[in-house]
Amino acid sequence: MEELTSVLEQATAAIAPDYFYLNLDGGDPIYRERVYCYELYHQMRVRWPAQTPFYLNGEVDKARHPKMIELCDRFPKPDLLVHRPGYMEGNFAVIEVKRERAGKAGIVKDLETLSFFVDEFGYQRALYLIYGDAAMTTLAQIQDLAKEIIDSDAIEYWAHLAPNTAAMRI
């Protein structure tokens with residue numbers, strides 16, 4: 001699906017400040033991954049090509065998938081999948097999203113999930129999107145960590161630095 005890069009760039013450019021940061025009564029705005037992810041999903045669906053055989057799904061639980069049961073005792077749920085449900089040959093992209101300054105345990109889990117979906121399910125693209133003002137610093141740390149635990153060449157790293165701007169592939 002050649003359009004995925006363009007869809008992602010356009011969708012991230014459409015994420016408004018209220019979805020990039022969550023306002024708190026009596027406090028400073030904070031990053032909330034779920035709020036950002038749901039808006040990203042919405043903005044991607046609005047731009048989704050009508051003629052593609054691929055679907056965009058969020059947090060697909062593959063716990064009952066026969067191949068998942070056969071392969072592992074844990075059942076990762078990536079933030080977004082671009083695939084053809086019901087067809088293993090239709091696995092196109094797996095996407096994980098993290099806010100800047102995310103914890104090491106969450107980052108390791110995401111890297112392992114991305115690698116797993118590429119290696120075991122044949123996904124063609126694995127995208128790790130980091131959002132927030134310090135996304136570039138966080139991405140540098142993630143790339144260093146990835147070299148220690150997985151084949152990091154299989155993962156595309158993306159940074160979304162500010163609301164109403166497009167994410168960029170690093």
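Residues numbered from 1 in each chain as written. Predicted model: local features only at pLDDT ≥ 70, side-chain atom pairs only at ≥ 80, totals over all residues. Heavy atoms only, no water.

**Q** What's the story with the overall build of the protein in this structure? I'm lost.
**A** Helix and strand counts for the protein stand at six helices and eight strands. Scaling as 2.2 N^0.38, a compact globule of 170 residues should have a C-alpha radius of gyration of about 15 Å, and the protein matches this with 16 Å. Looking at the 170 residues of the protein, the share that counts as buried comes to 47%. Restricting the contact set of the protein to residue pairs at least 6 apart, pairs at least 24 apart contribute 65%. Per element, the accessible surface of the protein, about 8,700 Å² overall, is 48% carbon and sulfur. When the 18 positive and 26 negative side-chain charges of the protein are each reduced to one mean point, those points stand 3 Å apart. (Helix = DSSP H or I, 4+ residues; strand = E, 2+ residues; numbered from the N terminus. Rg over C-alpha atoms; globule rule 2.2 N^0.38 Å. Buried < 20%, exposed > 50% of the residue type's maximum accessible area, 1.4 Å probe, protein only. Contact = heavy atoms within 4.5 Å. Areas by Shrake-Rupley, 256 points an atom, 1.4 Å probe, with all protein chains shown as cover. Lys, Arg positive; Asp, Glu negative; His and termini not counted. Charge placed at Lys NZ, Arg CZ, Asp CG, Glu CD.)

**Q** I tried to follow the environment of Leu139 on my own but got confused; where do I start?
**A** By the element assignment, Leu139 lies in helix 6 (residues 135-149). Assessed through its relative accessible area of 1%, Leu139 is described here as buried. C-alpha of Leu139 to C-alpha of Asp119: the two residues are 20 residues apart in sequence and 22 Å apart in space. Once residues lying within four places of it in the same chain are set aside, the contact partners of Leu139 are Ile130, Tyr157, Trp158, Ala159 and Ile170.

**Q** Just checking my understanding: could you explain helix 1 (residues 4-13) for this structure?
**A** A turn of α-helix holds 3.6 residues, and therefore any two residues three or four places apart point the same way. Those residues of helix 1 not exposed but buried are Leu4, Val7, Leu8, Ala11 and Thr12. Along the axis of helix 1, the buried residues cluster in a sector spanning 120 degrees; they form a single face. Residues of helix 1 that are buried sit in contact with helix 3 (33-46), strand 4 (80-83), strand 5 (91-99), strand 6 (125-131) and strand 7 (155-160). (Arc of directions from axis to C-beta.)

**Q** Got a minute to help me understand the packing of helix 1 against helix 3 in this structure?
**A** Where helix 1 contacts helix 3, the two axes come as close as 9 Å, and the packing angle between them is 125 degrees. One element, helix 1, and the other, helix 3, form an angle in the oblique class. Relative to helix 3, helix 1 is oriented so that their crossing is right-handed. Contacts from Leu4, Val7, Leu8, Ala11 and Thr12 of helix 1 reach helix 3 at Tyr36, Leu40, Gln43 and Met44. Partitioning the contact of helix 1 with helix 3 into residue classes produces seven nonpolar, two polar and no charged. (Axes fitted to C-alpha atoms, helices over the stretch in contact; angles between N-to-C directions. Parallel < 35°, antiparallel > 145°, perpendicular 65-115°, else oblique. Left-handed = near helix turned anticlockwise from the far one by under 90°. Nonpolar A, V, L, I, M, F, W, Y, C, P; charged D, E, K, R; others polar.)

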